[in-house]
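Reading the structure
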Amino acid sequence: MTDTPFYRYDIGLLRRTLDELRELTGNDSRCHIHYAVKANSNPLLLKHIKEYGLGMDCVSGGEVKAALNAGFPPSAIVFAGVGKADWEIDLALENDIFCINVESEPELDVIQERAHSLGKKARIAFRVNPDVDAHTHSKITTGVAGNKFGIDLNMLDGIIAKAISMDNIIVDGLHFHIGSQILNLEPFRKLCLRINDIQDSLQGNGFTAGHINVGGGLGIDYTDPDNNPIADFRGYFDIFRNNLELRPGQELHFELGRSIVAQCGQLITKVLYVKKNPLKQFAITDAGMTDLIRPALYGAYHRIDNLSNPDGKLQVYDVVGPICESSDTFGKDRELPEIRRGDLLAIKSAGAYGESMASCYNLRTLPRTESLESD
Ligand code: LLP
């Protein structure tokens, strides 16, 4: 067994998730799915995701390079982000990726200038802030007025007109993303209705987008991953099918991250000590917030299983890591089968925004990875 802590990826589950996606969208040639690689860029996962013909959604030059290195076709790569550096824009232009999602007028000016000097035409989409509340965690909601993402609805007409007049810009799409870990699908329906209105108004001014990109955000079941290992893709795609009025010839793009990879990954950690004080009992693990930061950063819940003693007598623990921060806590007051020194715990649903957000704080080493195939 590999030294702990490590991420264990269940490739069988990843493939079953991708099978479901393919079954629901594969017959629709107008529908394109880009995997949001920020969720997890482990090459092992990328290999399988590529085999299913998904494109890639990138938010940095490093991610664009990862997509190209993993063999994703440039024509299936989109590049988003509120602050793209000049070299990142150049990288996208030089590799003729499908689309750069533009978030501001100054960025548009730089893309025009860079494309001109490289002798390229930049295909762009405007990321629009649709002012739709995703009702998710405040740190991962992105589509309401007043946050840094996207172009304000009132400024859209003007910026599109400006971009159309630019020699090295092709305005092809409209891009939206309202947030992440969205389980109640109603905000997606609201997004569709808002996009319909936006399209009506833009069409009135003679502009029809070649594609609509509705971003990602579909949530997964963190509380009961064993019984709900695959996200509600059917409900999600039905919302768009039933509510979004695509215009003739228009293509529909999605950028899904978490819902593709979250459930196939677990963080496996060894218990170093069980520490009792008059008020609490702590299980101190060798994994910490450096390996999985979601609980510390967002107060996120991840189910924890005791792999070594599944039938032990239930007791209450705070499961904590070794880092010098009180927020280094994976779970408070968790009822778990008796935990002993050396037991292995699985912190579940950790395939998305786990390994990809790991750090070396406290000069720790990054977690290792291991994979298995389940049926
Ligand atoms: N498209 C855009 C423009 C995004 O900003 C994101 C995620 C996605 C797509 C993919 O969203 P997903 O399908 O994975 O929900 N670290 C946080 C999540 C941050 C999400 C950032 N943007 C977490 O651990 O919950």
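As a starting point, this report considers the structure included with it.

About the criteria used
- Residues numbered from 1 in each chain as written.
- Predicted model: local features only at pLDDT ≥ 70, side-chain atom pairs only at ≥ 80, totals over all residues.
- Heavy atoms only, no water.
- Helix = DSSP H or I, 4+ residues; strand = E, 2+ residues; numbered from the N terminus.
- Polar contact = N/O pair within 3.5 Å; in protein donor to acceptor, adjacent residues only side chain to side chain.
- Contact = heavy atoms within 4.5 Å.
- Near = heavy atom within 4 Å.
- Areas by Shrake-Rupley, 256 points an atom, 1.4 Å probe, with all protein chains shown as cover.
- Nonpolar A, V, L, I, M, F, W, Y, C, P; charged D, E, K, R; others polar.
- Buried < 20%, exposed > 50% of the residue type's maximum accessible area, 1.4 Å probe, protein only.
- Phe/Tyr/Trp six-rings, centres within 6.5 Å; stacked < 30°, edge-to-face > 60°.
- Lys NZ or Arg CZ within 6 Å of the ring centre and 35° of its normal.
- Disulfide = S-S within 2.5 Å.
- Pairing = 2+ DSSP bridges.
- Right-handed = clockwise from strand over helix to strand, strands pointing away.

**Quick word on the side chain of Arg247**
- Mapped onto the elements, Arg247 comes out in the loop between α8 (233–243) and β10 (251–256).
- Within the structure, Arg247 has its side chain in polar contact with the backbone oxygen of Glu245 (distance 3.1 Å).
- Contacts of Arg247, omitting those with residues within four sequence positions, involve Asn196, Gln199, Asp200, Gln203 and Thr208.

**Quick notes on the side chain of Thr285**
- Tracing the chain through its elements places Thr285 in strand β12 (residues 281–285).
- Each residue touching Thr285, except ones within four places of it in the same chain, is listed here: Thr269, Lys270, Val271, Leu272, Val319, Val320, Gly321, Pro322, Phe330 and Leu345.

**Re the site of the ligand**
- The ligand sits among 18 residues. The nearest are Ser180, Glu255, Arg294, Tyr298 and Tyr353.
- Between the ligand and the protein, one listed contact pairs a nitrogen atom with a side-chain N or O atom of Asp57 at 3.5 Å.
- The contact in question runs from an oxygen atom of the ligand to an N or O atom on the side chain of Tyr353, over 2.6 Å.
- Protein burial of the ligand: of its 590 Å² of free accessible surface, 91% is covered by the chains.
- For the shell around the ligand, the secondary-structure elements that each account for two or more residues are β10 and α10 (294–298).
- Looking at the shell around the ligand, its residues break down into 6 nonpolar, 6 polar and 6 charged.

**Describing the environment of Leu345**
- Counting through the fold element by element, Leu345 comes out in strand β16 (residues 344–347).
- On the accessibility criterion, Leu345 (0% relative accessible area) is buried.
- Between the alpha carbons of Leu345 and Thr285 there is a distance of 8.4 Å; along the sequence they are 60 residues apart.
- Excluding anything up to four places from it in sequence, Leu345 contacts Leu267, Ile268, Thr269, Val271, Thr285, Ile304, Asp305, Asn306, Leu307, Val319 and Ile339.

**Some details on unusual backbone geometry**
- In the segment running from Thr4 into Pro5, the intervening peptide bond is cis, with an omega of -5°.
- Mapped onto the fold, Pro5 is located in the segment before β1 (6–10).
- Although it is not a glycine, Tyr353 sits at a positive phi angle of roughly 60°.
- Tracing the backbone shows Tyr353 in the loop between β16 and β17 (368–372).
- The class for Tyr353 is buried, based on a relative accessible area of 15%.
- With a phi close to 55°, Leu363 is a non-glycine residue in the positive phi region.
- Mapped onto the elements of the fold, Leu363 is located in the loop between β16 and β17.

**Focus: the packing of aromatic side chains**
- A complete count under the given rule lists 9 aromatic pairs for this structure.
- Between Tyr236 and Phe240 the ring centres are 5.1 Å apart and the planes differ by 70°, which places this aromatic pair in the edge-to-face class. Of this pair, Tyr236 and Phe240 both sit in helix α8, 4 residues apart, which is roughly one turn of that helix.
- Assessed through its relative accessible area of 3%, Phe240 is described here as buried.
- Among the aromatic side chains, those forming a connected cluster through ring pairs are Phe188, Phe233, Tyr236, Phe237, Phe240 and Phe254.
- Over the ring of Phe79 we find Lys84; its NZ or CZ atom is 5.6 Å from the centre of that ring.

**With respect to α8**
- Along α8, the residues classified as buried are Phe233, Gly235, Tyr236, Phe237, Ile239, Phe240 and Asn243.
- Where α8 is buried, its residues meet α1 (11–25), β2 (31–36), α7 (186–204), β10 and α9 (258–261).

**A look at the state of the cysteines**
- Inspection of every chain in the model, using the stated rule, returns 0 disulfides.
- Left without a disulfide partner, Cys31 is nearest to the cysteine sulfur of Cys192, which lies 13 Å away.

**So, the pairing of strand β5 (residues 99–102)**
- Where burial is concerned, the two faces of β5 agree: the one with Cys99 and Asn101 and the one with Ile100 and Val102 are both buried.
- The pairing of strand β4 (residues 77–79) with β5 spans 2 bridges and is classified as parallel. Looking at β5, one finds that Val78 is bridged to Cys99.
- Regarding the hand of the β-α-β motif, the stretch spanning β4, helix α4 (residues 86–94) and β5 is right-handed.
- Pairing geometry for β5 and strand β6 (residues 122–129), over 3 bridges, is parallel. Bridge pairing links Val102 to Phe126 in β6.

**Overview of the pairing of strand β8 (residues 169–175)**
- The buried fraction of β8 amounts to 6 of the 7 residues, a majority that puts the element mostly inside the structure.
- Of the pairings in the sheet, the one linking β6 to β8 comprises 6 bridges and is parallel in character. Directly across from Ile124, in β8, lies its bridge partner Val171.
- Here 3 bridges tie β8 to strand β9 (residues 211–213), and the two strands are oriented parallel to one another. Bridging from a neighbouring strand, Gly173 pairs with His211 of β9.
- Crossover connection from β8 via α7 to parallel β9: handedness right-handed.

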